[in-house]
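Summary of the model geometry
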Amino acid sequence: MTLKTIMEGTTEVSVPVPPRDAAFPPSAAPVFYNPEMELNRDINVAATAAFVDRLLGKRDMQREEVRYVDAFSASGIRGLRVAGEVGIHATLNDWSQEAFELIQQNIKLNGLEEKAEGCRKNANVLLHEQRFHIVDIDPFGTPSPFLDAASSSVMNLLSVTATDTAPLCGAHLNSGIRKYAAVPLNTEFHSEMGMRVLLGACARELAKHEKSMDPLLSHVTRHYVRSYLAVRQGAKQADRTLKSVGFLAHCPKCGFRQPVEGLAVHIDRECPVCGAGTNIAGPLWLGPLREPAFCNEVLVEMEKRPLRTKEKAMKIISFCRDELDIPMFYDQHVICKELGVSATGIEGFLEALRANGFEASRTHFSGTSFKTDATLPEIKEIIRSL
Ligand SMILES: C[S@@+](CC[C@H](N)C(=O)[O-])C[C@H]1O[C@@H](n2cnc3c(N)ncnc32)[C@H](O)[C@@H]1O
Ligand SMILES: [Zn+2]
């Protein structure tokens, strides 16, 4: 394997040189490295740092005693960055021999022998054997086969990436149902649907282990979902978490949508606006996707660090912070198209919603998406009046 050294944040890592063939995917390399995930890792460094500050503020504990596991480590880059740039202890695990050897080499390259250790196990075995304050799962595709073990291991923060957006969003419907035991809906808000399917599955897995979750930060980009979930132990806490799991009724004819909390609930199949039959999605996470104060703490961490993706990452986090806590977002262009009117600038449109006494925000999901407490008929009336 021919190697080259790259730098992300303040961490140097040896990674395989990809062939010149543009069609060669990172997953075909002897050890995986995807430069496109630098944004994900930059946010991870800042979010983990912000979380560790909270943890140390509450406990009599040294920074080096905080244990983080990068359970699918490949070159080791994610965990190495956490060890070097956040200063906590990181276990870098990968079941591949080639990855394990590269991890050992990369630990030495950064002089992190004290703060990082390599491990070569099936992630499920490691996570069932050991407990970690922070569990990070960043596998190929779906995290679903690892959520049970991750939930068993985690004490304080579960950080999870899912790159199987097609199953999560309903584009590959049966695959999504198999992986997450949930029915998604592939509508204009499919990206938020995917995030809420994933978080619903996390909530149920954690609940099995009598643990609760509070999402601190969650973001979707084109090809993945990433979420940071604060975890607490306790049956009562877990019961509270499950109260935020439920279903979404959606009218395919007029776009009406209604979240319904609870796992065994009555849901009207008739749309109260137009009388058409609704579709039901779920179980889904219906609670908040992030904590605004935490987003601010992440922004402070980002500001003071040398991160190549800083500008884009800070924009995503600011948008996440300012999003209303309402499932699901609307798409301005979809509604305008239905009404046969051309779309105005989104900021002016949101101002008009606010001027009519409604709450309104943009979202990080797309440039034309927004959230509001106005009903769809109210939104349409305002669009027509512009
Ligand atoms: C998507 S890559 C990880 C990328 C890495 N976290 C990063 O940020 O660059 C997934 C890695 O998981 C490893 N892997 C897949 N299944 C595994 C399992 N069950 N246990 C441990 N490692 C596994 C693969 O060898 C591969 O290196
Ligand atoms: Zn309807």
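Definitions and cut-offs
- Residues numbered from 1 in each chain as written.
- Chains lettered and ligands numbered in written order.
- Predicted model: local features only at pLDDT ≥ 70, side-chain atom pairs only at ≥ 80, totals over all residues.
- Helix = DSSP H or I, 4+ residues; strand = E, 2+ residues; numbered from the N terminus.
- Rg over C-alpha atoms; globule rule 2.2 N^0.38 Å.
- Buried ≥ 20, exposed ≤ 12 C-beta atoms within 10 Å, placed from the backbone.
- Contact = placed C-beta atoms within 7 Å.
- Pairing = 2+ DSSP bridges.
- Axes fitted to C-alpha atoms, helices over the stretch in contact; angles between N-to-C directions.
- Domains from an automatic or database assignment.
- Nonpolar A, V, L, I, M, F, W, Y, C, P; charged D, E, K, R; others polar.
- Expected span 1.5 Å × (residues − 1).
- Arc of directions from axis to C-beta.
- Near = placed C-beta within 6 Å.

1. A look at the overall build of the protein chain
Across its full length, the protein chain holds 14 helices and 15 strands. A compact globule built from 386 residues should have a C-alpha radius of gyration of about 21 Å, and the protein chain, at 22 Å, falls within 12% of that. Principal-axis analysis of the C-alpha atoms gives the protein chain an extent of 65 × 45 × 40 Å. Scored against the burial criterion, the 386 residues of the protein chain give a buried share of 48%. Relative to all contacts within the protein chain whose residues are 6 or more apart in sequence, the contacts with residues 24 or more apart total 61%.

2. Focus on the sheet that holds strand 14 (residues 360-362)
A sheet is described by the order of its strands in space; here three strands give the open sequence 13-15-14, paired in antiparallel fashion. Unpaired on one side and paired on the other, strand 13 (330-331) and strand 14 mark the two borders of the sheet. Of the strand pairs in this sheet, strand 14 and strand 15 (residues 369-372) are connected by three bridges, and their pairing is antiparallel. Paired with arginine 362 across the two strands is phenylalanine 370, which belongs to strand 15. In the packing of helix 13 (residues 346-355) onto the sheet, contacts are made with strand 14 and strand 15, and the angle to strand 14 comes to roughly 160°.

3. Thoughts on the domain arrangement of the protein chain
For the protein chain, the domain assignment lists domain 1 (3-322) and domain 2 (330-385). For domain 1 versus domain 2, the separation of C-alpha centres amounts to 30 Å. At the junction of the two partners, domain 1 supplies 13 residues and domain 2 supplies nine residues. A total of four residues in the side of domain 1 that touches domain 2 trace back to one element, the largest contributor, which is helix 11 (residues 310-322). Of the residues contributing to the side of domain 1 that touches domain 2, the split by class is seven nonpolar, three polar and three charged.

4. Overview of helix 3 (residues 97-109)
The terminal C-alpha atoms of helix 3 lie 18 Å apart, and with 13 residues this matches the ideal 18 Å at 1.5 Å per residue to within 8%. Among the residues of helix 3, those classed as buried are Ala99, Phe100, Leu102, Ile103, Asn106 and Ile107. Down the axis of helix 3, the buried side of the element spans an arc of 165°, and every buried residue falls inside it. Looking at helix 3, the residues exposed on the side facing more than 90 degrees away from the buried face are Gln97 and Lys108. Summarising the contacts, the buried residues of helix 3 are in contact with strand 2 (11-16), helix 2 (77-86), strand 4 (89-93) and strand 5 (116-119).

5. Regarding unusual backbone geometry
Residue proline 283 follows glycine 282 across a cis peptide bond; omega there is 0°. By secondary structure assignment, the location of proline 283 is in strand 12 (residues 279-285). In this chain, proline 327 is followed by methionine 328 through a cis amide linkage whose omega measures -5°. Here methionine 328 lies in the loop between helix 11 and strand 13. With a phi close to 45°, alanine 181 is a non-glycine residue in the positive phi region. Along the chain, alanine 181 falls in the loop between helix 7 (173-180) and helix 8 (190-208). Positive phi, close to 55°, is recorded for glutamate 210, a residue that is not glycine. As for its placement among the helices and strands, glutamate 210 is situated in the loop between helix 8 and strand 8 (211-221).

6. Details of helix 2
Extensive coverage of helix 2 is indicated by the burial of 10 of its 10 residues. Where helix 2 is concerned, the buried positions are Ile77, Arg78, Gly79, Leu80, Arg81, Val82, Ala83, Gly84, Glu85 and Val86. Taken from the residues just after helix 2, glycine 87 is the one with a positive phi, measuring 85°.

7. Some words on the site of ligand 1
Close contacts around ligand 1 come from 19 residues, with Phe72, Ala74, Trp95, Ala123 and Asp138 the closest. Residues of the shell around ligand 1, tallied by class, amount to 11 nonpolar, four polar and four charged.

8. Description of the sheet that holds strand 10 (residues 245-250)
Paired through backbone hydrogen bonds, the strands of a sheet run either parallel or antiparallel to each other. Ordered by their spatial adjacency, three strands build an open sheet running 11-10-12, and the pairing between neighbours is antiparallel. Edge strands, defined here as strands with exactly one partner in the open sheet, are strand 11 (257-261) and strand 12. Averaged over neighbouring strand pairs, the angle between their axes works out to 25° when direction is ignored. As paired elements, strand 10 and strand 12 share five bridges and run antiparallel to each other. Within strand 12, the position partnered with alanine 249 by the bridge is isoleucine 280. Packing of helix 8 onto the sheet brings it into contact with strand 10 and strand 12, and relative to strand 12 it is tilted by some 50°.

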